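A closer look at the structure
Residues per chain are reported as follows:
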Amino acid sequence: MASMRGVWLMVVIAGACAPLAIAGAVHDDDPALRRMHGEFVDAFVDSRGFGRMRVTPMMARMRDAAFNAVDEHGRCVVDVELVGVARHDPPVVHAASFMGFQHPDGDPGLRASPASTRGLQPWEREALAALQAGKEIVVRNTPRGERAMGAIRARPACLSCHEDHREGDVLGALGYGLGRLTIPSQSASPSCQPERVTSS
């Protein structure tokens, strides 16, 4: 797992997030990021079970998005965070283990040990409100770089566990740290580096 170059490291953004400018910035509901987010949600839903040697669909998606561009601008995914909504009041952000986020599907035998959580930052609360109002993806420039958040909406199969929700309700969200693929001079392998952000 060490060869994954810290893909599983979760970046925690501290402080308020003032609007900043970044070259080639994407906007809310960007088609490439919507597509990427859809793939992550599918992988999250399909990532069941635990085991140190098991590569889950979520792990594979995190690895692929870290070493391959997700859009024509060369964006990649530095980190992913899970925003818990359906089972948390108020919502919280879960930090993933190196295994990525796994979906126990209501089976108590598959539950992981409690992950560390934190409260939402102001921009995350605003993004979550926008997702609950109907947006699919929200993108913000923050002091630590570009961040995006996309909704995890209830599907028919979700309602057997989330009985108090309806199809389409926001059960949670995935938050992404976006970077740019770079190729170090000493290596032919690309790596995902957080974008340097400058104020306008």
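An unreviewed UniProt entry annotates the protein chain as DUF3365 domain-containing protein originating from Pseudoxanthomonas japonensis.

**Concerning helix α1 (residues 31–46)**
If you check α1, its first and last C-alpha atoms are 23 Å apart, about what 16 residues at 1.5 Å a residue would give, namely 22 Å. Within the sequence span of α1, burial applies to A32, L33, M36, H37, F40, V41, A43, F44 and V45. Looking at the packing, one finds that the buried side of α1 touches α2 (57–67), β1 (75–84), β4 (137–142), β5 (145–153) and β6 (170–182). With a side-chain oxygen positioned 3.1 Å from the backbone nitrogen of A32, the residue opening α1 is D30.

**What to know about the pattern of salt bridges**
For the structure on display, the rule yields 10 salt bridges. The partner of D79 in a salt bridge is R147, and the shortest N-O contact between them spans 3.0 Å. Placement of D79 in strand β1 and of R147 in strand β5 is noted, with a sequence separation of 68 residues between them. By relative accessible area, which is 2% here, D79 ends up buried.

**Regarding the side chain of H162**
Counting through the fold element by element, H162 comes out in the loop between β5 and β6. Given a relative accessible area of 13%, H162 falls into the buried group. Leave out the neighbours within four places in its chain, and H162 touches A86, R87 and L171.

**Regarding the state of the cysteines**
Here the structure, examined in full by the defined rule, presents one disulfide. Lacking any disulfide linkage, C158 is separated from the closest cysteine sulfur, that of C161, by 8.4 Å. Given the relative accessible area of 16%, C158 is considered buried. Its relative accessible area of 31% is what places C161 among the partly exposed residues.

**Thoughts on the pairing of β6**
Counting buried residues along β6, 11 of its 13 residues qualify, which places the element largely inside the surrounding structure. Pairing geometry for β1 and β6, over nine bridges, is antiparallel. Following the sheet pairing, G84 is matched in β6 by G172. Judged from the seven bridges that link them, β5 and β6 form a sheet pairing that is antiparallel.

**Re the packing of aromatic side chains**
With the rule as written, the count across this model stands at one aromatic pair. Over the ring of F40 we find R61, and its NZ or CZ is 5.7 Å from the ring centre.

**Remarks on the environment of R140**
Checked against the element boundaries, R140 lands in strand β4. Residue classification places R140 among the partly exposed positions, given a relative accessible area of 32%. When the C-alpha positions of R140 and D28 are compared, they lie 8.2 Å apart, and in sequence the two are 112 residues distant. Here R140 is in contact with D28, W123, G145, E146 and R147, once residues within four sequence places are set aside.

What counts, and at which threshold
- Residues numbered from 1 in each chain as written.
- Predicted model: local features only at pLDDT ≥ 70, side-chain atom pairs only at ≥ 80, totals over all residues.
- Heavy atoms only, no water.
- Helix = DSSP H or I, 4+ residues; strand = E, 2+ residues; numbered from the N terminus.
- Expected span 1.5 Å × (residues − 1).
- Buried < 20%, exposed > 50% of the residue type's maximum accessible area, 1.4 Å probe, protein only.
- Contact = heavy atoms within 4.5 Å.
- Polar contact = N/O pair within 3.5 Å; in protein donor to acceptor, adjacent residues only side chain to side chain.
- Salt bridge = Lys/Arg side-chain N within 4 Å of Asp/Glu carboxyl O.
- Disulfide = S-S within 2.5 Å.
- Pairing = 2+ DSSP bridges.
- Phe/Tyr/Trp six-rings, centres within 6.5 Å; stacked < 30°, edge-to-face > 60°.
- Lys NZ or Arg CZ within 6 Å of the ring centre and 35° of its normal.

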